[in-house]
Amino acid sequence: MSVYERSVHVDAPFEDVWEFHSTIDGLDALTPGWVNLRAESVRGPDGEDDPDEMIVGTTATVSLRPFGVGPRQESTTRIVERERTGGDGRETGYFVDEMSGGPFAHWRHTHRFEAVEGGTRITDHVEYRLAGGALGRLASPLAVVGFAPMFRYRHRETKQLLE
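If you're wondering where the values come from, they're calculated on a predicted model, not measured in any experiment.

What counts, and at which threshold
Residues numbered from 1 in each chain as written. Predicted model: local features only at pLDDT ≥ 70, side-chain atom pairs only at ≥ 80, totals over all residues. Heavy atoms only, no water. Phe/Tyr/Trp six-rings, centres within 6.5 Å; stacked < 30°, edge-to-face > 60°. Helix = DSSP H or I, 4+ residues; strand = E, 2+ residues; numbered from the N terminus. Lys NZ or Arg CZ within 6 Å of the ring centre and 35° of its normal. Core = buried A, V, L, I, M, F, W, Y, C linked by side-chain atoms within 4.5 Å. Buried < 20%, exposed > 50% of the residue type's maximum accessible area, 1.4 Å probe, protein only. Contact = heavy atoms within 4.5 Å. Patch = residues over 30% accessible without salt bridge, like charges linked within 9 Å, V, L, I, M, F, W, Y side chains within 5 Å. Areas by Shrake-Rupley, 256 points an atom, 1.4 Å probe, with all protein chains shown as cover. Salt bridge = Lys/Arg side-chain N within 4 Å of Asp/Glu carboxyl O. Lys, Arg positive; Asp, Glu negative; His and termini not counted. Charge placed at Lys NZ, Arg CZ, Asp CG, Glu CD.

Draft legend 1. How the structure looks around the packing of aromatic side chains. Using the criterion set out here, one finds 7 aromatic pairs in the structure. When the ring of F14 is compared with that of W18, the centres are 6.0 Å apart and the planes differ by 15°; the resulting orientation is stacked. Here F14 pairs with W18, and both are found in helix α1 (residues 14–21), just 4 residues apart, close to one helical turn. Between W34 and F67, the ring centres sit 4.6 Å apart and the planes meet at 10°, which makes this aromatic pair stacked. Here the residue W34 occupies a position in the loop between α2 (24–29) and β2 (38–43), and F67 occupies one in the loop between β3 (59–64) and β4 (73–85), the gap between them amounting to 33 residues. An aromatic cluster is present here, built from F14, W18, F95 and F113 joined pairwise through their rings. Note that R112 overlies the ring of Y94, its terminal NZ or CZ placed 5.3 Å from the centroid.

Listed below in structure tokens is the structure:
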């Protein structure tokens, strides 16, 4: 299993950062254009279409077409854990999404948020395995490009949109 982790400090209140990351619009805003992401459907745990907040049990079916090459790849992500604690400037929270389908045989992404002096620290922790073994690693554009540029983009956009 491979692991990728990256943190960033955002000069924005915890509440704003938490709310922004709790919606499908946040995912869309933080995905680089070259991924060509499209949200096909979002369903809450009660079956509601397009819920305001992605809580435990929410599923989102998305498709992507990296670099505009090849057919669209569809995957479904599900929020499997979500917790927020604290108050008075000591808030923490996290949520975990697991993905099925797409270029990964395994994907578990933990998004952590912590109120810190002057803003919020965001930490992305991803445990993943590409589908298709060695051949999948060679064929996947994500394996070639890597996570670092994508998460640098996500964190830069978060800062630009929320600071």
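Draft legend 2. Structural context of the nonpolar core. Of all hydrophobic cores here, the largest spans 18 residues; its most connected members are V10, V17, F113, I122 and L162. Per-element tally for this core: the top contributor is α1, with 4 residues. Look past the residues within four positions of V10 in its chain and what remains in contact with it is V17, G118, G119, T120, I122, T158, K159, L162 and E163. Core analysis: the next-biggest nonpolar cluster, separate from the first, contains 9 residues, Y4, V126, Y128 and L130 among them.

Draft legend 3. Region of the structure containing a negative patch on the surface. Taken together, the side chains of D46, E48, D50 and D52 present a region of like negative charge at the surface. Given a relative accessible area of 55%, D50 falls into the exposed group.

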